[in-house]
Amino acid sequence: MIRRASLVLVGALMGATAMSVIYSAGVPAEAAGASTYKELSVFGDVFERVRAQYVTPPAEDKLIENAINGMLSSLDPHSSYMNAKDAADMQTQTKGEFGGLGIEVTMEDELVKVITPIDDTPAAKAGVLAGDYISEIDGQSVRGLKLEDAVEKMRGPVNTPIKLTLIRKGADKPIELTIVRDVVAVQAVKSRVEDDVGYLRVISFTEKTYPDLEKAIEKIKKTVPADKLKGYVLDLRLNPGGLLDQAIQVSDALLQRGEVVSTRGRNPDETRRFNAGPGDLTDGKPVIVLINGGSASASEIVAGALQDLRRATVLGTRSFGKGSVQTIIPLGENGALRLTTALYYTPSGRSIQGTGITPDIKVEEPLPDDLKGKMVTEGESSLRGHIKGQSETDEGSGSVAYVPPDPKDDIQLNYALDLLRGKKTDPAFPPNPDKAVSAK
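Please read these numbers as outputs of a predicted model, since none were measured by experiment.

### Quick notes on the pattern of salt bridges
With the rule as written, the count across this model stands at 23 salt bridges. One salt bridge connects Asp196 with Arg421, and the closest N-O pair in it is separated by 2.8 Å. Residue Asp196 is found in the loop between strand 12 (189–194) and strand 13 (197–202), and its partner Arg421 is found in the segment after helix 9 (411–420); the two are separated by 225 residues along the sequence. When the shortest N-O distance is used, the salt bridge between Asp235 and Arg237 registers 2.8 Å. In the salt-bridge network here, residues are joined through shared partners; they are Asp195, Asp196, Lys230 and Arg421.

Below, the structure is given as structure tokens:
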């Protein structure tokens with residue numbers, strides 16, 4: 001039997017998406033009926049009419065691409081066609097590294113503002129500073145460009161030069177820098193020590209997530225003696241998802257046993273179960289997981305597994321509620337097809353599609369005055385054409401996705417720290433592993 005490589009995507013509709021390679025036997029397609037082929041002939045007739053008679057000559061490849069996307073988008077919000085460029089971009093995101101400069105940026109006053117240069121990258125070595133404004137890229141003004149277009153211009157092949165014109169506060173004239181692109185590794189996990197607590201923020205699930213998590217935990221252990229370390233905060237807020245295998249590995253890193261997640265497709269024989277093995281990187285220390293409306297897909301797998309198996313207490317607000325799995329089917333030089341092929345289930349057998357993960361302890365993050373009334377609560381359940389989850393209700397999924405930039409103002413984080421230090425108590429903390437919930 002010929003085995004075909006396909007790619008599994010567990011990313012949210014918005015934010016970074018990523019892929020994981022699996023190998024599965026191709027399922028033979030059922031032959032379409034005569035009526036289906038008749039409808040396809042109608043499509044061919046329409047295409048020829050548009051191609052030959054539209055007021056201006058249309059791009060035929062775009063007509064086909066848009067027709068395919070129209071078919072896929074009618075299925076659900078996460079199925080789509082990726083042309084060759086989009087497919088290549090997704091593979092780049094999967095690896096967690098690319099050819100570029102190494103800066104985190106945003107858009108402000110029609111200019112690209114540098115949030116921070118990443119340590120030991122071409123931008124940092126060239127002298128780019130946080131707060132700099134990029135006004136020109138290779139002599140072209142950034143005004144009028146979308147942020148993603150500006151970022152695309154700054155990325156490129158390794159060892160190629162790029163010229164940036166910077167506006168810096170206090171400088172009497174623009175600063176021109178020529179920087180040579182290099183391989184930039186995007187940090188998947190950021191960590192720090194909050195006195196006697198280890199803080200782990202998983203930004204996305206790429207190929208680097210588990211290795212980064214392992215290094216971060218080891219660094220925290222070396223910084224804080226075991227008898228002083230109160231536990232860990234695993235921050236999954238604003239995490240849009242990513243690689244399925246990385247979500248499983250991150251869960252396994254904190255578990256000794258038990259099912260992490262199962263995926264169930266159209267046919268019963270397509271069900272797959274993924275289990276944790278012995279070994280807990282945190283040595284059994286208490287763990288609190290933070291989630292909000294920006295926690296989706298792969299991050300919901302982790303939160304759901306640790307919650308059901310009573311390994312961690314989940315704190316925050318209801319997650320996004322994306323419980324579907326997309327298979328990325330390569331189409332050679334024509335790109336790839338992203339198709340929803342399964343739903344995933346937590347160890348207790350619950351589907352979070354359209355419902356999300358409900359925290360054990362609900363703690364809302366207050367919005368600053370300038371954001372009140374401006375942030376819309378969105379979840380999977382509010383997406384037009386989404387697959388209705390088996391447990392979905394009118395309450396839906398999702399919550400406000402906001403995290404204060406200053407940890408001192410972070411109500412959810414500080415609540416977690418107080419629990420770990422014993423300054424606050426709650427019946428949900430610490431959880432009892434003996435009361436783990438598994439599917440019947």
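### A short note on the packing of helix 7 (residues 244–252) against helix 8 (residues 298–308)
Here helix 7 crosses helix 8 at 30°, and the two axes come no closer than 9 Å. The orientation of helix 7 relative to helix 8 falls into the category roughly parallel. Between helix 7 and helix 8 the crossing geometry is right-handed. Of helix 8, the residues touching helix 7 (which contributes Leu244, Ala247, Val250 and Ser251) are Ala298, Ile301, Val302, Ala305 and Leu306.

### Re the packing of aromatic side chains
By the definition in use, this model includes zero aromatic pairs. Sitting over the ring of Tyr345, Arg264 keeps its end group 3.9 Å from the ring centre.

### Considering the pairing of strand 5 (residues 103–108)
Sheet topology places strand 5 next to strand 6 (residues 111–117); six bridges connect them, and they run antiparallel. Bridged to Val105 within strand 6 is Val114. Between the end of strand 5 and the start of strand 6, which pair antiparallel, lie two residues, with Asp109 showing a positive phi angle near 55°.

Cut-offs applied
- Residues numbered from 1 in each chain as written.
- Predicted model: local features only at pLDDT ≥ 70, side-chain atom pairs only at ≥ 80, totals over all residues.
- Heavy atoms only, no water.
- Salt bridge = Lys/Arg side-chain N within 4 Å of Asp/Glu carboxyl O.
- Helix = DSSP H or I, 4+ residues; strand = E, 2+ residues; numbered from the N terminus.
- Axes fitted to C-alpha atoms, helices over the stretch in contact; angles between N-to-C directions.
- Parallel < 35°, antiparallel > 145°, perpendicular 65-115°, else oblique.
- Left-handed = near helix turned anticlockwise from the far one by under 90°.
- Contact = heavy atoms within 4.5 Å.
- Phe/Tyr/Trp six-rings, centres within 6.5 Å; stacked < 30°, edge-to-face > 60°.
- Lys NZ or Arg CZ within 6 Å of the ring centre and 35° of its normal.
- Pairing = 2+ DSSP bridges.

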